[in-house]
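Residue-level listing of the chains:
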Amino acid sequence: MRKSVASSSAWPGSVLVRGRGMSEGEGGGVTAMEMPYEVDGVNSVAGVRQGRESLPPETSTGVTAKVAGRLMLLRRQGKLAFGDLVDSSGRIQVMLSSRKTEGFDRFVHERVIGDWLAVEGEVITTKSGELSILADRWELLARTQRSFGDKWKGISDPDLRFRQRYVDLWVNPEVRRRLQSRSAVVSRIRSVLAEKDFMEVETPILQPIASGAAARPFVTHHNALDMDLYLRIAPELYLKRLVVGGFERVFEIGRDFRNEGISPRHNPEFTMLELYQAYTDMYGMMELAELLVAEAALAATGSTSVAYQGEQFDLAPPFKRDSMESLVSKALDQEIALEMGAERLAALARKAGLDPAPHLEAGHIVMELYEELVEPELRDPIFVTGFPQVVSPLARRHRDPEMAGRAERFELVVGGRELANAFSELTDPAIQRQHFEEQVAEREQGNAEAMAFDQDYVRALEYGLPPTGGMGIGIDRLVMLVTDAAHIKEVIAFPTLRPEQS
RNA sequence: GCGCCUCUAGCUCAACGGCAGAGCAACGGACUCUUAAUCCGCAGGUUCUGGGUUCGAAUCCCAGGGGGCGCACCA
């Protein structure tokens, strides 16, 4: 009878409770407009708990505290009432008594699970020993007009969880912990890089050409300029322009956008750390990768040993290193090398059950063998080196003449997934131009992800890029790893979803 | 894009060809130490939508929609 006061009630979870589409003033309580504008003297729940975890039952501390948060459980017991108040730091029990608490009857009759409250009173422990706040007074900060789902099971429908994350955060506590861990990881990365004299910068998200990675971009349009712009697929080329401009150590933590499929590991927008450091190379990047990954694990879990989906990974440096060809050889139980040529490699690939497209170069086939047979099987952190030059258009050729055809590039893989990708950056404008031309040719042969030609970037290189190491780390996947998340949507507060349908 | 699974009360789920139900939430009440409190009472439905089969459809079939998983895609 009482549902559907508002027009917005078609959506699950939308039934308005207790006639709450109306202001409470009609029941003699406060109206929305009479809610407080500020709440003074609020202590965090964690702060109140601090140092009081093992008080004996029925302790009166004599200390008064005020906490604020959302009421998530309510146990009415005649002239007593107990509630669980939750804030971002934790949960604490509040105890109200008809003798001690102002407005006790209003509390019992008007409050529902989900209301925001401030509660002030003495910090005590109950007969059963639970740390509680025995309320002298309480104050309503906001009412909920909608219910929070089953109090034991919460909500489990994934669509509902992601669309209404503000509910998910309250009823599924691990969601809150994950997002807090994500923040801690990003914060730690910033401070580690700051200590190493990196400067945080911001480069364009709207770009006239989307380059720097192999991916399909989103297209948008600027009306006044009457021109199409792309949402960036990578900040790489702009960051290296800044190195050309004289900033020796720069990094950016920001969103990239790729117009591709959505999967447990892919969201159309995702957060990438990219950093560039002059006067070093891929080996300098390896040290930095080890440091950043280990620090991320420490920030999230307090340990460099992390449990992930039933596996245990040791993220303490140093990480193993091996070359792509060596790893593929082990997987095939047969020595392979780029020098075998495309035909023989393609035959091996077919024998291994793959179906390499025609006209691929040897490097492409080795890469395919690696991605299909090796990468998913790699467990503990490992730097995979010796990437074919042909799949590394922005990386510098290997300095060792015996490594001809390979680039100075590595990917860091943990648990079968790529966590970081780094190069000794290609600095030679003529070679860069040639690589872009090859990418354009690939695109013409049907590789829709081949990189776009960026003329100005070549011009920037013509002004001189010093020897530079560069690296990208996928923040979402890193956070997944250190928070034991199976799905990228679990580490993104608001993942991309289809629009809610009426 | 293809395949498989799924959609029932606000939430979590039963009923699987024969009167659409439970727990929680909500609402009314009892209870001075609860912990998913308990107890009594009340209310809550276009069974995703449309069509078909049938005496009879939440249930079977077809189409559409939402969601999930896998494949493809994603260096």
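Please refer to the structure placed before this passage.
Below, the structure is looked at part by part. (Residues numbered from 1 in each chain as written. Chains lettered and ligands numbered in written order. Predicted model: local features only at pLDDT ≥ 70, side-chain atom pairs only at ≥ 80, totals over all residues. Heavy atoms only, no water.)

A tally of regular secondary structure across chain A gives 13 helices and 18 strands. The C-alpha extent of chain A, read off along each of the three principal axes, is 85 × 55 × 50 Å. Expressed as a percentage of its 502 residues, the buried residues of chain A come to 49%. Of the contacts made within chain A by residues no fewer than 6 positions apart, 66% connect residues no fewer than 24 positions apart. Summed over its atoms, the accessible surface of chain A is roughly 24,600 Å², and 50% of this surface lies on carbon and sulfur atoms. (Helix = DSSP H or I, 4+ residues; strand = E, 2+ residues; numbered from the N terminus. Buried < 20%, exposed > 50% of the residue type's maximum accessible area, 1.4 Å probe, protein only. Contact = heavy atoms within 4.5 Å. Areas by Shrake-Rupley, 256 points an atom, 1.4 Å probe, with all protein chains shown as cover.)

The next subject is helix H12 (residues 455-462). What H12 keeps buried is the set Tyr 457, Val 458, Ala 460 and Leu 461. One face of H12 carries all of its buried residues, which in axial projection span an arc of 155 degrees. Among the structural elements, helix H6 (236-244) and helix H11 (429-444) are those in contact with the buried residues of H12. For H12, the N-terminal cap is Asp 454; the gap from its side-chain oxygen to the backbone nitrogen of Asp 456 is 3.2 Å. Directly after H12, the chain includes Gly 464, whose backbone phi takes a positive value near 105 degrees. (Arc of directions from axis to C-beta. Polar contact = N/O pair within 3.5 Å; in protein donor to acceptor, adjacent residues only side chain to side chain.)

On the secondary structure map, Leu 315 appears in the loop between strand E13 (311-314) and strand E14 (320-323). Exposure remark for Leu 315: the relative accessible area of 0% places this residue in the buried category. Linking Leu 315 and Glu 290, residues 25 residues apart in sequence, is a C-alpha distance of 7.9 Å.

A few words on unusual backbone geometry. Pro 318 follows Pro 317 through a cis peptide bond whose omega is -5 degrees. Mapped onto the elements, Pro 318 comes out in the loop between E13 and E14. Of note, Asp 226 is a non-glycine position whose phi angle comes to about 45 degrees, a positive value. Along the chain, Asp 226 falls in the loop between strand E8 (219-222) and strand E9 (227-231).

Note that every value here comes from positions in space, so none of it alone points to a role or purpose.
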